[in-house]
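One-letter residues, chain by chain:
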Amino acid sequence: LVAWVGGRRIQRHIDDPLFADRMFAHRITMVRIYTLMAIAIVVLKGWMLPLFFLAIAIGGFPARKRLFDETWSLPQYLGNRIRMVVFIGGFWIALLLAPTIVHKAGVQWAPIVLFALIAGFYIYQDLLLFGLDAEPMKDVERFEPILAKANAPRPRIMEGGPRTGRFTNAFALPRGKDSRVVFTRSLLRDLEPSEVVAIFAHEMAHVEHYTPRTFRVRQLFGIAIIPALAVLPELSLLEYAPKDAMWFEIAWPVVLTIAIFIAAIRRQKHEGEADLRALELGADPLALISALEKLHQLNRMPRRFDAPREQRMTHPSVGRRIQSIRRAAGLAEETPPALPREFGDIRFTEDAVQVRTASYRYDALRSLALRKTLRGFALVGRSGRKSFRSPVAADAAPEIHNLLNWVDSRLAPVAAASEHHGERESRLLALVLLLTSVFPGIPFPPLILSLLVLISPTVPAVAALGVTAIAAGLVAWLHPSMIEAAMRSMAIVELMLGVIALLLLRRFKRRAGASATPPLIVLGGLTIIVLIPALIGIHTDQPGLQLYLAAQSRPSIPILLLGMGAALAVTGRKRTAIALAASAIAFFACGTRTFARFAGSDPLLTDREPLWVKSPMPLATRSLDRRANKLRMSADAQKIAVHWLQPGDEEDDVVGTFGVGVIAGPLQDIKAADVAFATNVLLQLQETESGVELSDGTDWIVRLPVIISPRLTAVGRDGWRISGTRPRNYKPIRFMGRIGSSSYSTGWLPQAGLPIASAEGSNDLLYASLDIPPLARRIPWIVMVLPSIGSTELWRSSLSSEERIGRTVVGATEIFWLPDSDQWVVIGRDATSTYVATVDKSIHAAGSIPGNALAAATGSGSRIALIDSNRDVIVWNLRSGKAMRLGCAECSAHDVAFADHAVGVLRLRGMRTEVAVFPTD
């Protein structure tokens, strides 16, 4: 409907002398409307997008048929459109959607997708010719004089395109000795033979432009680099950070579109050069001028554009091209019109145009054009960096349009393309950095600066990009936040790309007064956005330790400062650059443990690692025939219980089926919400509509009221404990008793503050709560944006009293009771390490390990098991300080269970689930 209404609207002006300008403005308006509609469709029903474009084609067909004087039917038109989309646009659509295809199909299909993209690029020209229904051209003798002078292998000359529709164009397909030049059938119908020869000379200039070296580089990018960039980052994200893969799937089409847009704009320079080379190859200048004018008329394109728009076009305006051809061929100027002429506030003379009180010489103007606006037509011009605009009456617009045909030849010569050596290389480097910076764990400043360099590759922007990439690479390498090997490999790539960016600065033509304003605005704005919430989160009681935590968790702040310093340094403001660099280094230093020890005493912060000992061989190993996600083990390590994952179950499902049996024997399935091994019996917890039931598989049953998220624990040799929360007030509640006895005790513990972790002891509860700074309490969203602000307080609570044990700036996110003791264990983390401490009446730091480890279980004898970022199990005796790492090259741990003198590990080896039991003495 929108396409049909828009077509009806523009048809009313088909006889207007300025119809081409109206048509171009109409196209821009419709593209904007279609873009908004397409975005809405992608968000709501992405699969309807092909139907959307089909509807546009159907709705716009009646107007198109009249505007371009076509004779084909709607089925013929749609068939041609579908053919061109499939065979000409299919490769680009597949390239845009490659990350999404890999995600939907699965990582096992990634090699096939990569191969398909490589093959698609290799045969793309053949697909394009098939989509155009191209065939060898018969009358090619007239091109022999051009071919004789050309410095390129003889191309195959072909004709294609619709036979009854209008697609007036010609293009070169360079491919070494197998190059082609293609004319559309409508061009051959509408142009004179001499004009066709002139167009052929222009296309031969494009073939010459692609030297063997240029062609090899193009092939390298198309066959290797671009498909790899489309597939490999997505494959890496799906493997190591699947939740973040969506962002690359969104970013890749945007990045690729920007890159294609930039490459298309850079072609503008080659179009002007090809016109002049066509004259050297023997093209008739008047025929070439006539052909260009006809091409624009037949395609309903304006003769000229204003300078800013022309800079974004793939071709120069035809007025500019005609001006260059006339000057190169030495043709006489066109006969001047009768001047001066006045049109309201606009006055044309032989040398200048006067707009109100200002006068602009023609030979100083970069552009002068009529532009269609919402209020009618306006005369727009640009002289240097100054632009002007004046409204034009509708009845005067055609006459001004004819005057501009003469003015075109008197405008300032086409400015030579800015030969900033390194621009192309820096844009390409920025594109690669944009993709590597999406990798999780790489700080974000290089990502933003990559976009800035893609848009405007200036010396300050490239310098800032190089320095921030080096700093981000160092931060990611020193403090990997995910799989260490992959993270450090990507960090090295980021660092190397940053060094290359700095080396590229030598290839730029340095101009005095190069502006550092764009990168400074971007970097300064980001610094404020990141810094202000961090300052709000600093607690007044421990500002030094809070500064340490901010420096550790926000490395982007000093990276942004270094980027600003680099942008200022290359523009000569070295003192300010040195001050910014010193501030960045100081901020980095605040994130070290040395500063933390100097700033204040934190009970969890320590750089003491456990004493690592060699891991033993397993006592027993057995494979499971089904997937499992939870493990329980008896005290003598002879019996196990595994929670089976049924088809469709999630990893955190609790209620289901447990397989129970001896480690080396068959497992018997039982239905239970949880199980626990006592000395000689297996305790089974069942949830019913009326409450919770505990039994040992005999006649002994204890019935309890409803508990939310009940947890069963065997206490000592003959005791049991079930803990959870009450359904109404969500207070912690606990039931304790002895096996075989129907009596039990009940108690619940008060909770103050905002607990973020808690664990029960024999009589008390230890919990951690977030102490939010007063200023941050007034801004609720700060807690969501920066959950690490403030201090973590540890409280010990009993039925009658509550006592604060201590405070730490480390996020204490997990607390466990150590069986057969009077202590808890607290697990805390910052950006680089995992800290472990024991708590009784005070906090005692046990040590730290690098990376982000998750607590999995605690056992008697002050033992704790953690699963690290590599999915290895670390068994740590907190009393002796010794620890061992249980892992293998092809294993990933899922759960851990302790026995008296052993530890059981439920792990995935390849596609097989197994249980391995290791001694811990």
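Residues numbered from 1 in each chain as written. Predicted model: local features only at pLDDT ≥ 70, side-chain atom pairs only at ≥ 80, totals over all residues. Heavy atoms only, no water.

**A look at the packing of helix α2 (residues 19-45) against helix α3 (residues 49-67)**
Keep this limit in mind: Angles shown run from 0 to 180 degrees and are taken between the N-to-C directions of axes, each axis being a line fitted to C-alpha atoms and, for helices, limited to the stretch in contact. Secondary structure elements follow DSSP: runs of H or I no shorter than four residues count as helices, runs of E no shorter than two count as strands, and numbering proceeds from the N terminus. Orientation labels follow simple angle bins: below 35 degrees gives roughly parallel, above 145 gives roughly antiparallel, 65 to 115 gives roughly perpendicular, and whatever is left gives oblique. Each crossing gets its handedness from the near helix: less than a right angle anticlockwise from the far helix is left-handed, clockwise is right-handed. In this description, contact between two residues means that some pair of their heavy atoms is separated by no more than 4.5 Å.
Packing of α2 against α3 brings their axes to within 10 Å, and their N-to-C directions diverge by 165°. For the element pair α2 / α3, the angle class is roughly antiparallel. For the element pair α2 and α3, the recorded crossing hand is right-handed. When α2 is examined against α3, the residues Phe19, Met23, Tyr34, Met37, Ala38, Ile41, Val42 and Lys45 are found in contact with a partner set consisting of Leu49, Phe52, Ile56 and Leu67.

**Here's the deal with the nonpolar core**
Put simply, the rule reads: By nonpolar core we mean a set of buried residues, namely Ala, Val, Leu, Ile, Met, Phe, Trp, Tyr and Cys, connected to one another through side-chain atoms within 4.5 Å. Exposure categories follow from relative accessible area, calculated using a 1.4 Å probe and restricted to protein chains: below 20% of the type maximum is buried, above 50% is exposed, and the middle band is partly exposed.
In this structure, Trp252, Leu605, Leu794, Ile815 and Val839 are the most contacted members of the largest nonpolar core, which totals 101 residues. Per-element accounting of this core gives the leading share, eleven residues, to helix α19 (residues 459-478). Counting residues in hydrophobic clusters, the runner-up holds 34 residues, among them Leu279, Ala287, Ala291 and Ile322.

**Side note on the environment of Arg622**
Relative to the helices and strands, Arg622 is located in strand β13 (residues 620-624). Taking relative accessible area as the criterion, Arg622 reaches 18% and is therefore assigned buried. For Arg622 and Ala916, which are 294 residues apart along the polypeptide, the C-alpha to C-alpha distance reads 6.7 Å. Contact partners of Arg622, with chain neighbours within four places excluded, come to Ile640, Val662, Ile663, Ala664, Gly665, Leu667, Glu914 and Val915.

**Things to note about the packing of aromatic side chains**
As a reminder of what qualifies: The criterion for an aromatic pair is that two Phe, Tyr or Trp rings (for Trp, the six-membered ring) have centres within 6.5 Å, with stacked assigned to planes under 30 degrees apart, edge-to-face to planes over 60 apart and tilted to the rest. To sit over a ring, a charge needs its Lys NZ or Arg CZ within 6 Å of the ring centre and within 35 degrees of the ring normal.
The full count for this structure, using the stated rule, is 18 aromatic pairs. Ring plane angle 55° and centroid distance 6.5 Å describe the contact between Trp720 and Tyr744, whose orientation is recorded as tilted. Separated by 24 residues along the polypeptide, Trp720 in strand β23 (residues 719-725) and Tyr744 in strand β25 (residues 744-748) bring together distant segments of the chain. A relative accessible area of 0% places Trp720 in the buried class. One aromatic cluster is present, built from ring pairs that chain together Phe91, Trp92, Phe121 and Tyr124. Sitting above the plane of the Phe68 ring, Arg64 keeps its charged end 5.1 Å from the centroid. Lying across the ring of Trp644, Arg626 places its NZ or CZ 4.3 Å from the centre.

**Observations regarding the packing of α3 against helix α4 (residues 74-87)**
Relative placement of two packed helices is described by the angle separating their axes and the distance separating the axes. Where α3 contacts α4, the two axes come as close as 11 Å, and the packing angle between them is 130°. As summarised for this structure, α3 and α4 are arranged oblique, according to the angle between their axes. The hand of the α3/α4 crossing is right-handed. From α3, Leu54, Ala57, Ile58, Phe61 and Arg64 reach across to α4, where they touch Leu74, Tyr77, Leu78 and Arg81.

**Looking at the sheet that holds strand β14 (residues 628-633)**
Rule in force here: The criterion for strand pairing is that DSSP finds at least two bridges linking the strands in question.
Pairing is antiparallel across the open sheet formed by four strands, whose spatial order is β14-β15-β16-β17. Pairing within the sheet leaves two strands with one partner each, and these edge strands are β14 and β17 (668-672). Here the strands of the sheet are splayed against their neighbours by 30° on average, with no regard to which way each runs. Summarising the sheet, strand β15 (residues 639-644) and strand β16 (residues 656-662) pair through five bridges and their orientation is antiparallel. Within the sheet, the bridge partner assigned to Ala641 lies in β16 and is Val660.

**What to know about the pairing of strand β22 (residues 708-715)**
As defined by bridge partners, β22 adjoins β23 across six bridges and the pair is classed as antiparallel. The partner of Leu712 across the bridge, within β23, is Ile722.

**Comments concerning the sheet that holds strand β19 (residues 682-687)**
The four strands are arranged β18-β19-β20-β21 in an open sheet whose pairing can be described as antiparallel. Taken across any chain shown, the strands that pair with only one partner, and hence form the sheet edges, are β18 (674-677) and β21 (701-704). Strand-to-strand twist of the sheet, defined as the mean angle between neighbouring strand axes without regard to direction, takes the value 15°. Direction of pairing for strand β20 (residues 692-695) relative to β21: antiparallel, over a ladder of four bridges. In the sheet register, Val692 faces β21, and the bridge partner there is Leu704.

**Comments concerning the side chain of Arg185**
Structurally, Arg185 can be placed in helix α9 (residues 185-190). When sequence neighbours within four positions are dropped, the list of residues in contact with Arg185 reads Leu132, Asp133, Glu135, Glu159, Gly160, Gly161, Pro162 and Arg163.

**Some words on unusual backbone geometry**
For residues other than glycine, phi is negative in most cases, and the peptide bonds are mostly trans. With omega at 5°, the peptide bond leading from Leu339 into Pro340 counts as cis. With respect to the helices, strands and loops of the structure, Pro340 is situated in the loop between α15 (318-329) and β5 (341-343). Backbone geometry at Asp133 places phi at a positive 55°, although glycine is not the residue there. Tracing the chain through its elements places Asp133 in the loop between α7 (124-131) and β1 (135-136).

Spatial relationships are all this shows, so hold off on functional conclusions.
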